[in-house]
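These are the residues of each chain, in order.
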Amino acid sequence: MIGRLEKTVLDCPEPRELAAFYAAVLGMRINEDSGDWVVIGTEPGQRQLAFQRVAPYRAPDWPESQHPQQVHLDIRVDDADTAERQVIALGARRLPGELEGRYRVFADPAGHPFCLVFGRHSA
């Protein structure tokens with residue numbers, strides 16, 4: 001092993017807003033906040049996801065490839081319908097694309113695609 005994953009960083013126009021969205025979705029907390037750079041994690045000091053301000057920001061255009069998704073998160077859930085209602089209430093929007101019984105695609109408030117993954121889990 002050469003190293004370990006420190007965190008995943010998402011570019012966005014409003015780091016605090018996007019950090020709050022993912023903190024609520026993933027049950028994490030904000031552990032660093034300098035305005036243009038916000039980091040969340042499951043415990044104090046954890047640095048699992050970071051959000052950095054980029055201006056001008058151009059959101060991915062799912063499922064088109066002119067502005068590809070570049071990166072996305074898969075978030076495993078127990079109940080897809082309940083999870084869908086919750087992420088939409090937090091500001092997500094549903095996007096085209098799904099594999100019935102496996103995943104549903106959404107955009108976070110800054111436009112990054114993410115999937116709610118459910119059903120059969122392959123180890």
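The sections below set out a description of the structure shown in this document.

### Things to note about helix H2 (residues 80-89)
Those residues of H2 that sit buried are Ala-80, Ala-83, Glu-84 and Val-87. When H2 is viewed along its axis, its buried side chains cluster within an angular range of 105 degrees and face the same direction. Turned more than 90 degrees off the buried face of H2, the exposed positions are Arg-85 and Ala-89. Gly-91, located one to two residues past H2, shows a positive phi value of around 120 degrees.

### Focus on the nonpolar core
Judged by nonpolar contacts, the single largest core of 24 residues is most densely connected at Leu-18, Tyr-22, Ile-40, Phe-51, Ile-75, Phe-114 and Leu-116. Elements represented by at least two residues in this core include exactly strand E1 (8-12), helix H1 (15-26), strand E3 (37-41), strand E4 (49-53), strand E5 (73-76), H2 and strand E8 (113-117). If one sorts the elements of this core by residue count, H1 sits on top with five residues. Among residues more than four places away in sequence, those in contact with Leu-18 are Cys-12, Phe-51, Asp-108, Pro-109, Ala-110 and His-112. Formed by five residues, the second largest nonpolar core is a distinct cluster that contains Leu-95, Val-105, Ala-107 and Cys-115.

Calculation criteria
Residues numbered from 1 in each chain as written. Predicted model: local features only at pLDDT ≥ 70, side-chain atom pairs only at ≥ 80, totals over all residues. Heavy atoms only, no water. Buried < 20%, exposed > 50% of the residue type's maximum accessible area, 1.4 Å probe, protein only. Helix = DSSP H or I, 4+ residues; strand = E, 2+ residues; numbered from the N terminus. Arc of directions from axis to C-beta. Core = buried A, V, L, I, M, F, W, Y, C linked by side-chain atoms within 4.5 Å. Contact = heavy atoms within 4.5 Å.

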